[in-house]
Amino acid sequence: MVGHLVRAALDYAPDYFIHVNLRLSRDEQDVGSLRPAKLLLLAWCGLKALAACTLRGAHTVYYVPAPGKRGPVIRDVLLLSLLKPFTQRLVLHWHSVGLGDYLKRHPDDWWSQRLFRLLHGHSLSLCLSEGAAKDVLSLSPGRVSIIPNGIPDPCPDFPVVLAARMGRLTARQQALASSAALPAPVHLLYLGLCTRSKGIFEALSTATALAANLNESHPACPVTLTIAGPFPCENEKATFAAALESARQSLPSHLQALFTIHLPGFTGPAEKRKLLEEADLFIFPTRYENEGLPLTLLESMAFGLPILTTPWRAIPEALPENYPWLADSQDINSMAQLAREALGSAPFSMLREWFLQRFTLPVHLAAMFQQLDARNS
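Definitions and cut-offs
Residues numbered from 1 in each chain as written. Predicted model: local features only at pLDDT ≥ 70, side-chain atom pairs only at ≥ 80, totals over all residues. Heavy atoms only, no water. Core = buried A, V, L, I, M, F, W, Y, C linked by side-chain atoms within 4.5 Å. Buried < 20%, exposed > 50% of the residue type's maximum accessible area, 1.4 Å probe, protein only. Helix = DSSP H or I, 4+ residues; strand = E, 2+ residues; numbered from the N terminus. Contact = heavy atoms within 4.5 Å. Axes fitted to C-alpha atoms, helices over the stretch in contact; angles between N-to-C directions. Parallel < 35°, antiparallel > 145°, perpendicular 65-115°, else oblique. Left-handed = near helix turned anticlockwise from the far one by under 90°. Nonpolar A, V, L, I, M, F, W, Y, C, P; charged D, E, K, R; others polar. Phe/Tyr/Trp six-rings, centres within 6.5 Å; stacked < 30°, edge-to-face > 60°. Lys NZ or Arg CZ within 6 Å of the ring centre and 35° of its normal. Disulfide = S-S within 2.5 Å. Pairing = 2+ DSSP bridges. Salt bridge = Lys/Arg side-chain N within 4 Å of Asp/Glu carboxyl O. Polar contact = N/O pair within 3.5 Å; in protein donor to acceptor, adjacent residues only side chain to side chain.

Peer 1: I'm lost on the nonpolar core in this one. Help?
Peer 2: A general trend in soluble globular proteins is that nonpolar side chains are found buried together. Residues L188 and M301 are the most contacted members of the largest nonpolar core, which totals 66 residues. Counting residues per element, this core draws most heavily on helix α8 (residues 200-217), at 8 residues. When residues no more than four places from it in sequence are discounted, the contact partners of L188 are A207, L210, V223, T224, L225, T226, L281, I283 and L343. Of all hydrophobic cores here, the second largest spans 26 residues; its members include L24, L42, L90 and L139.

Encoded structure:
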C-alpha cells in the first residue's frame, strides 16, 4: 500500500512529496526481526530524512509506525528522535494494530516509553477502521481520519470470472442434489503468511471437518485446500506438516482420497490470480495480534470470491453489512457449517460491487492526498 501511495504522490506533486525509502526488511519473514545490517540501513535513511527536513524544508513527516514488537519500536525511537526537532507535523498511517496497547503494557521499558512520548500528541492518525482507531487514542492524536486500504483492480475481466463461478456453483448444486451428477470439486484457499496466528491450523481443521461432513454423503464433491504463502521458519513448517498428516488420518479411510492439500509456497502475481479465480471459498481465520485490513480480503472481494473469516480487528467493517460468514476461529464445527453454506450461495456480484465502491486505489489515493497535504489542513 505504501508503494502505491509513493508512486502516485510523486506523480501527483513531485515538488511537494519527498520519499525516503525505509525498507529495512528483506521479506515478510524478516519484518520485526533485529539484524545488525538494519542499523546501518536505518542510519542511512535517517540521514536522508534529516537532509529532507533541514535542506529542503519538509516539515511534515508521514510515517508508518511500528507494530507492537520490540525491534520496530527501537527503530521508530531512533529515527523519530532524530527528526522530531525539525518536524512541525507528524502524520502516522497505521497499517497494523496494537502499538497503543503494547506501549501501555510496557510501562517500565525505556524504549516503549520514549516512543510513547515521541508519538504523543501527533498531528494526524490515518486508520484503516473505526476499531483500529481505538488503539491510537492513548497517543492523543490531534485528529483521526478513517481511510480503508485501496488496491488496483486485480480482476478487470470479472464477467469472465463470474461466468466460471456460476458454472461451478451450478455443478456443485447438481452434485449435492443427485448422486448421479458429474463430479464438482470444492476448492478452498488460504492466502497469506503461514503462521498460527493468521489461522492456517484452523483453516486446515475447517477444511478437514468440511470434507468429513460433505464427502460422507456427497463423494462427487471432493475437497481441495490450497495454502499459499511462505512459512516464517522451518519449525512452523514442520509443525504444520505434522498437523496436516494428523488431519488426513482423522478421516475415515474411504474419505481420505477425497481430501487434497496443496502447499505451493509463495506465489507471484500470475499464480495468485489463478488461485483466486479458481477458488470457491477463501478461508482466513485470523487472530493475528497486529492485524490491520488484510489486502487478501480486498483481492478476494474483487474476484467475487466468498470469504469465511473471523470478526477480528477491522475485518467486520471491511465486509458488507450483516455479512453471514464470520465465526470464532476456535469453533471449528461452526466454521465448517458456514463453509458449507457459503459454497451453496452466490454472493459473487455483491462482493464485487462492494469492492468497487469502497476499496479501489483511486478512492483510497484521493482520500490520502486530501489528508497528507498540509495546505488543506
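Picking up after the structure, the text goes on.
Peer 1: Please explain the environment of L82 as it appears in this structure.
Peer 2: Mapped onto the elements of the fold, L82 is located in helix α3 (residues 70-83). According to the relative accessible area criterion, L82 is partly exposed, its value standing at 34%. Placed 218 residues apart in sequence, L82 and S300 show a C-alpha to C-alpha distance of 41 Å. If we ignore the near neighbours within four places in the chain, the residues touching L82 are G46 and L50.

Peer 1: Help me understand the packing of α8 against helix α9 (residues 234-250), please; the structure alone is not making it clear to me.
Peer 2: Packed helices, taken two at a time, are described by the angle their axes make and the gap between the axes. Where α8 contacts α9, the axes come no closer than 10 Å and their chain directions differ by 15 degrees. Comparing the axis directions of α8 and α9 gives the class roughly parallel. By crossing handedness, the relation of α8 to α9 is classed as right-handed. Along its contact with α8, which presents I200, F201, L204 and T208, the element α9 presents E236, T239, F240, A243, L244, A247 and S250. Within the contact of α8 with α9, the residues separate by chemical class into 7 nonpolar, 3 polar and 1 charged.

Peer 1: Before we go on, may I ask you to explain the side chain of T310 in this structure?
Peer 2: Among the structural elements, T310 can be located in the loop between β9 (307-309) and α13 (315-318). In contact with T310, other than residues within four places in its own chain, are F284, P285, T286, I315, L326, A327 and S329.

Peer 1: Can you walk me through the packing of aromatic side chains in this structure?
Peer 2: Aromatic ring pairs are described here by two measures, namely the spacing of the ring centres and the angle between the planes. Scanning the model with the defined rule gives 8 aromatic pairs in all. Their ring planes at 85 degrees and their centres at 5.1 Å tell us that Y16 and F17 sit as a pair that is edge-to-face. A relative accessible area of 30% places Y16 in the partly exposed class. Note on F231 and F240: the rings are 5.8 Å apart at their centroids and 45 degrees apart in plane angle, and the pair reads as tilted. Taken together, the aromatic side chains of Y16, F17 and F369 make up a single cluster linked through ring pairs. Above the face of the F201 ring, R196 is positioned so that its terminal group lies 3.9 Å from the ring centre. The cationic tip of R358 hangs over the ring face of W354; the distance from NZ or CZ to the ring centre is 3.3 Å.

Peer 1: Explain the state of the cysteines here, please?
Peer 2: Two cysteines form a disulfide when their sulfur atoms are joined by a covalent bond. Per the counting criterion, the structure on display carries 0 disulfides. A disulfide-free cysteine, C233 has its sulfur positioned 11 Å from the sulfur of C194, the nearest such atom.

Peer 1: I would appreciate a short explanation of the sheet that holds β9 in the present structure.
Peer 2: With respect to topology, 5 strands assemble into an open sheet ordered β7-β6-β5-β8-β9, the strand pairing being parallel. Strands at the two margins of the open sheet, each flanked by one partner only, are β7 (259-262) and β9. Looking at each pair of strands side by side, their axes are set apart by 20 degrees on average, direction ignored. Examined bridge by bridge, strand β6 (residues 223-228) and β7 share 4 bridges and lie parallel to one another.

Peer 1: Can you walk me through the pattern of salt bridges in this structure?
Peer 2: Two side chains that carry opposite charge are able to pair once their charged atoms sit near each other. Overall, the coordinates contain 12 salt bridges when judged by the stated rule. D157 is the partner of R273 in a salt bridge, and the nearest nitrogen-oxygen pair spans 2.4 Å. Of the two residues, R273 is situated in helix α11 (residues 269-278) and D157 in the loop between β4 (143-146) and α7 (158-177); the sequence distance between them amounts to 116 residues. For E277, the salt bridge goes to R273, with nearest N and O atoms at 2.9 Å. Taken together, the residues span about one helical turn, with E277 and R273 both in helix α11 at a distance of 4 residues.

Peer 1: What's the story with the side chain of S125 in this structure? I'm lost.
Peer 2: When you line up the elements, S125 lands in strand β3 (residues 124-127). Taking the relative accessible area as the measure of exposure, S125 reaches 0% and is therefore buried. Polar side-chain contacts of S125 include one of 2.9 Å to the side chain of W94.

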